[in-house]
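Residue-level listing of the chains:
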Amino acid sequence: MSRFTLPIIDKHSPFQNEFEPVIHDLITHVRSAAPKSVHSIYLYGSVARREAIVGRSNLDVTLITSAPLTNKEQTLINTVKIRFQSKYPQITGVTFNIGEAADALQLESIFSWGFWLRHCCVCIYGDDLSERFGDFEPSWEIAKNMNMDIEEWLGVYIKKISTSQDMAVQVEQQKNIAKKLLRSCYSLVMHRDKGWYDHPVLCARKFLEYYPEKQTEIERVVLLLKGRKVPKRSVLALLNEFGDWVVAEFNKIERKIG
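Residues numbered from 1 in each chain as written. Predicted model: local features only at pLDDT ≥ 70, side-chain atom pairs only at ≥ 80, totals over all residues. Heavy atoms only, no water.

Helices and strands together make up the secondary structure of the protein, namely 11 helices and 4 strands. Relative to the 2.2 N^0.38 estimate, which gives 18 Å for 258 residues, the radius of gyration of the protein is 19 Å and therefore close to what a compact globule would have. Split into buried and exposed, the 258 residues of the protein put 49% on the buried side. Within the protein, contacts between residues separated by at least 24 positions form 73% of all contacts whose residues are at least 6 apart in sequence. A total of about 13200 Å² of accessible surface is found on the protein, and carbon and sulfur atoms cover 51% of it. In the protein, which carries 34 positive and 31 negative side-chain charges, the distance between the mean positions of the two groups comes to 5 Å. (Helix = DSSP H or I, 4+ residues; strand = E, 2+ residues; numbered from the N terminus. Rg over C-alpha atoms; globule rule 2.2 N^0.38 Å. Buried < 20%, exposed > 50% of the residue type's maximum accessible area, 1.4 Å probe, protein only. Contact = heavy atoms within 4.5 Å. Areas by Shrake-Rupley, 256 points an atom, 1.4 Å probe, with all protein chains shown as cover. Lys, Arg positive; Asp, Glu negative; His and termini not counted. Charge placed at Lys NZ, Arg CZ, Asp CG, Glu CD.)

Glancing now at the packing of helix H1 (residues 20-33) against helix H2 (residues 71-87). Packing of H1 against H2 leaves a shortest axis separation of 9 Å and a crossing angle of 155°. In terms of their interaxial angle, H1 and H2 are classed as roughly antiparallel. The two elements H1 and H2 meet at a crossing, and its hand is right-handed. Where H1 approaches H2, its residues Val-22, Asp-25, Leu-26, His-29, Val-30 and Ala-33 are matched on the opposing element by Glu-73, Leu-76, Ile-77, Val-80, Arg-83, Phe-84 and Lys-87. (Axes fitted to C-alpha atoms, helices over the stretch in contact; angles between N-to-C directions. Parallel < 35°, antiparallel > 145°, perpendicular 65-115°, else oblique. Left-handed = near helix turned anticlockwise from the far one by under 90°.)

Across all of its chains, the model carries 15 salt bridges by this definition. Linking Asp-198 and Arg-49 is a salt bridge whose minimum nitrogen-to-oxygen distance equals 2.6 Å. A residue pair is termed long-range when its members are at least 10 positions apart, and Asp-198 in the loop between helix H8 (190-193) and helix H9 (200-210) and Arg-49 in the loop between strand E1 (38-44) and strand E2 (57-65) qualify at 149 residues. Given a relative accessible area of 23%, Arg-49 falls into the partly exposed group. The shortest N-O distance in the salt bridge between Asp-193 and Lys-206 comes to 3.5 Å. Separated by 13 residues along the polypeptide, Asp-193 in helix H8 and Lys-206 in helix H9 bring together distant segments of the chain. For Lys-206, a relative accessible area of 17% gives the class buried. (Salt bridge = Lys/Arg side-chain N within 4 Å of Asp/Glu carboxyl O.)

Before going further, it helps to examine the nonpolar core. It is characteristic of soluble globular proteins that their nonpolar side chains tend to be buried jointly. With 55 residues, the main nonpolar core has Phe-207, Ile-218, Phe-242 and Val-246 as its most contacted residues. Considering every element that reaches this core, the biggest residue donor is helix H11 (residues 232-257), with 10 residues. Residue contacts for Ile-218: discarding those within four places in its chain leaves Leu-182, Cys-185, Ala-204, Phe-207, Leu-208 and Phe-242. Residues Val-22, Ile-23, Ile-41 and Ile-124 belong to the second largest nonpolar core, which totals 29 residues. (Core = buried A, V, L, I, M, F, W, Y, C linked by side-chain atoms within 4.5 Å.)

Take a negative patch on the surface next. There is a patch of like negative charges on the surface, built from Glu-151, Glu-152, Glu-241 and Asp-244. Counting residues per element, the ones that place at least two in the negative patch are helix H6 (150-163) and H11. Within the fold, Asp-244 resides in helix H11. Residue classification places Asp-244 among the exposed residues on the basis of a relative accessible area of 51%. (Patch = residues over 30% accessible without salt bridge, like charges linked within 9 Å, V, L, I, M, F, W, Y side chains within 5 Å.)

Treat this as a map of the structure, not an account of what it does.
If you want it as structure tokens, here you go:
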């Protein structure tokens, strides 16, 4: 085995006690919402890693389907998100990442779905597709498949923040795009650093080892991540200027490595 093989999340140790009932209820509700379409259910993020903080962590879910969800099934899945946010105060909400099994198993998906299921997820129901893949090593292919969509994310969140009239909503939007931006920063150096980090602050620290001149920008993005109330004009300036640099750096590395 290569000494640079990426770690896999522990599949066997129990989840944190506070989140066990949420997970069991999630399985029941998702299976009920789409009984004919559910292939397998996975957790990712802090709950999957057993690092969640009560009242501050999201329940992040990857749902793999055997067929596209119908409109009715999609509506019921959205209802699950609404119910859980009010029913379980230990989580801040539920996020679904949805894909089809046939797509996940295609050869061209190996650096996206293959890596994601193998190294970022824990199966909690159904046929565990992560077992179909071997362990991955850090590479530019993985990095760009995970975060080269940062340009689209920036466009969406710049628009959301620019039109937001509620500071509490703006703060949540800032936190979401800050997570993505910091993870994208690490993707720029993953192939050199030979590792993989999901926690955005760790991503920021490792990124600065290679781009120390971006210290100020990273500190400002971390402030957004921490929920600091920042004037909208300053937030948009940071996302436009530093975001443009990150996108340009992705494109530069892609041209160099391919």
